Amino acid sequence: MWTIWSKGVSTFSNSTSTANMSNTDMNMRGKIIFYEEKNFQGRSYECMNDCSDMSSSLSRSQSCRVESGCFMVYDRNNYMGNQYFMKRGEYSDYMSMMGMRENIKSCRMIPMHRGQFRMKIYERENFGGQSHEMMDDCENIQERYRMSDCQSCNVMDGHWLMYEQHNFRGKMMYMRPGDYRSFREMGMSGMKFMSMKRITDSCY
């Protein structure tokens, strides 16, 4: 199921301190090709790295192919707005397939990670309240940890997706290694994250 993040939200804010990638992060090159028209027609733009603004290369995009790797794509420049996780495959009309209302304006490549996954989630902002360290997927933090909310986290190893609903559904946010002291300050006021999933090598 494709999931969406509300407009105006950046994956990373200035208040987020992003740690260096761990030694197990693999710099595997991903490759995604965006097409101006549906069904891979019209002008195209090939991307193998992060791209904060595609508009100078392609005024619009209605289909794409992910030839290798995984990407997060956004409907606003600078990795803001609604975001979507895309793995290897063909998307002949991604606006219809994913329920998008706007064209993709920026994208971020997700490095492959081999090794352990570790993330510590906190009930309150600034790493307050009860906390739990996770090393695998969690379908429901309420059932597993008796946590009704998650307002900050620290990602030590690996790359993760956090979802607003149980069982990896609803709006999502891509989290890479770093400290996230306040989801509210990142534009997620009123949002709760109820499940977390690792981006493993099986996604590639």
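Placed above this text is the structure.
Here's what I pulled together on the structure shown here. Per chain, residues are indexed from 1 in the order of the written sequence. Per-residue local features of the predicted model are confined to residues with pLDDT of at least 70, and side-chain atom pairs are confined, for both listing and counting, to 80 or more; whole-chain, interface and lining totals are unaffected and use all residues. Think of the side-chain values as coming from all heavy atoms in the structure, minus any hydrogens and water.

## Focus on the state of the cysteines
Okay, step 1: The disulfide criterion used throughout: a pair of cysteine sulfur atoms within 2.5 Å. Scanning all chains against the criterion turns up zero disulfides.
Okay, step 2: There is no disulfide at Cys51, and the cysteine sulfur nearest it, in Cys47, is 5.0 Å away.
Okay, step 3: Among the cysteines around Cys153, which has no disulfide bond, Cys150 carries the closest sulfur, lying 5.9 Å off.
Okay, step 4: The exposure class of Cys153 is buried, given its relative accessible area of 0%. Burial classification: accessible surface area is computed with a 1.4 Å probe over protein chains only, and a residue below 20% of its type maximum counts as buried, one above 50% as exposed, and the rest as partly exposed.

## Topic: the environment of Asp157
Okay, step 1: By secondary structure assignment, the location of Asp157 is in strand β13 (residues 152-157).
Okay, step 2: Side chain to side chain, Asp157 and Arg118 meet in a polar contact 3.0 Å long. Numbering of helices and strands starts at the N terminus; helices are DSSP runs of H or I of at least 4 residues and strands are runs of E of at least 2. Under the rule applied, a polar contact is a pair of N or O atoms within 3.5 Å (in protein, one hydrogen donor and one hydrogen acceptor; residues adjacent in sequence only if both atoms are side-chain atoms).

## Concerning unusual backbone geometry
Glycine aside, residues mostly have negative phi angles, and peptide bonds mostly take the trans form.
Okay, step 1: The phi dihedral of Asn39 falls on the positive side, at around 60 degrees, and the residue is not glycine.
Okay, step 2: Mapped onto the elements, Asn39 comes out in the loop between β3 (31-37) and β4 (41-47).
Okay, step 3: The backbone phi angle of Asn167 is positive, close to 60 degrees, even though this residue is not glycine.
Okay, step 4: Within the secondary structure, Asn167 sits in the loop between β14 (160-165) and β15 (169-175).
Okay, step 5: The exposure class assigned to Asn167 is partly exposed, which follows from its relative accessible area of 44%.

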